[in-house]
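# Structural overview for review
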Amino acid sequence: QVQLVESGGGLVQAGGSLRLSCAASGSIFSINTMGWYRQAPGKQRELVAAVTSGVITNYADSVKGRFAISRDNAKNTVYLQMNSLKPEDTGVYYCNTDGVEGASYRYFEVWGQGTVVTVSS
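Right, let's walk through the structure included here. Everything numeric here is computed off the predicted structure, so don't read it as measured data.

The number of helices and strands found in the chain is zero helices and eleven strands. Each helix and strand of the chain, placed in order from N terminus to C terminus, yields the pattern β-β-β-β-β-β-β-β-β-β-β. Here the chain has a C-alpha radius of gyration of 14 Å; the compact-globule value for 121 residues is 14 Å, and the two agree. When the backbone C-alpha atoms are referred to their principal axes, the chain occupies close to 50 × 25 × 25 Å. In the chain, the share of contacts with a sequence separation of at least 24, taken over all contacts with a separation of at least 6, comes to 56%.

Written out as structure tokens, the structure is:
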């Protein structure tokens, strides 16, 4: 079974930076898109950024120019570099990915457990 483990959240002042990491483990044949979502208190989960296997990136308008997503295919890991953080970036950040399992060649989609990012003003 494929699992995701996230790290890198924390408390930072406005204007600061954080780097999130998410590593996929298990029996993996291939990974398609890897992405980061966030959920602020009282709000719905929203896409922050995603990167396809062809390294095409997509960002929410609110983070363009401040966040950068990247992936290391050899490590099955996706990163989210967050700069110029704002209080409105506060929330729980979830990693998501989909692909094909190695043992069964079945499609999978998994979510990480979430990592908390708090930006103080």
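A few words on the pairing of strand S10 (residues 107-111). Of the two faces of S10, the one holding Phe108 and Val110 is buried and the one holding Tyr107, Glu109 and Trp111 is not buried anywhere. Relative to S10, strand S9 (residues 91-101) is paired through five bridges, and the arrangement is antiparallel. What sits directly across from Asp98, in S10, is Glu109. What sits between S9 and S10 in their antiparallel hairpin is a turn of five residues, with Tyr105 showing a positive phi close to 55 degrees.

A separate point is unusual backbone geometry. For Asn76, which is not glycine, the phi torsion reads 50 degrees and is therefore positive. Here Asn76 shows up in the loop between strand S7 (67-72) and strand S8 (77-82). Under the relative-accessibility criterion, Asn76 is labelled partly exposed at 24%. The backbone of Ser84 sits at a positive phi, close to 50 degrees, despite the residue not being glycine.

The next point concerns the pattern of salt bridges. Following the criterion strictly, the structure yields four salt bridges and no others. Between Glu46 and Arg38 there is a salt bridge; the shortest N-O distance is 2.8 Å. Under the relative-accessibility criterion, Glu46 is labelled partly exposed at 36%. With a shortest N-O distance of 2.9 Å, Asp89 and Arg38 are connected by a salt bridge. Note that Asp89 is positioned in the loop between S8 and S9 and Arg38 in strand S4 (residues 28-39), a separation of 51 residues in sequence. Take Asp89 and Arg38: they sit in the same class, and that class is buried. One network of salt bridges, with partners in common, ties together Arg38, Glu46, Arg66 and Asp89.

Moving on to the nonpolar core. Ranked by internal contacts, the top residues of the largest apolar core, which has 28 residues, are Trp36, Leu80, Met82 and Tyr93. Contributing elements (two or more residues each) for this core: strand S3 (18-25), S4, strand S5 (46-51), S7, S8, S9, S10 and strand S11 (115-120). Among the elements that take part in this core, S3 stands out by supplying four residues, more than any other.

Thresholds, definitions, all that
Residues numbered from 1 in each chain as written. Predicted model: local features only at pLDDT ≥ 70, side-chain atom pairs only at ≥ 80, totals over all residues. Heavy atoms only, no water. Helix = DSSP H or I, 4+ residues; strand = E, 2+ residues; numbered from the N terminus. Rg over C-alpha atoms; globule rule 2.2 N^0.38 Å. Contact = heavy atoms within 4.5 Å. Buried < 20%, exposed > 50% of the residue type's maximum accessible area, 1.4 Å probe, protein only. Pairing = 2+ DSSP bridges. Salt bridge = Lys/Arg side-chain N within 4 Å of Asp/Glu carboxyl O. Core = buried A, V, L, I, M, F, W, Y, C linked by side-chain atoms within 4.5 Å.

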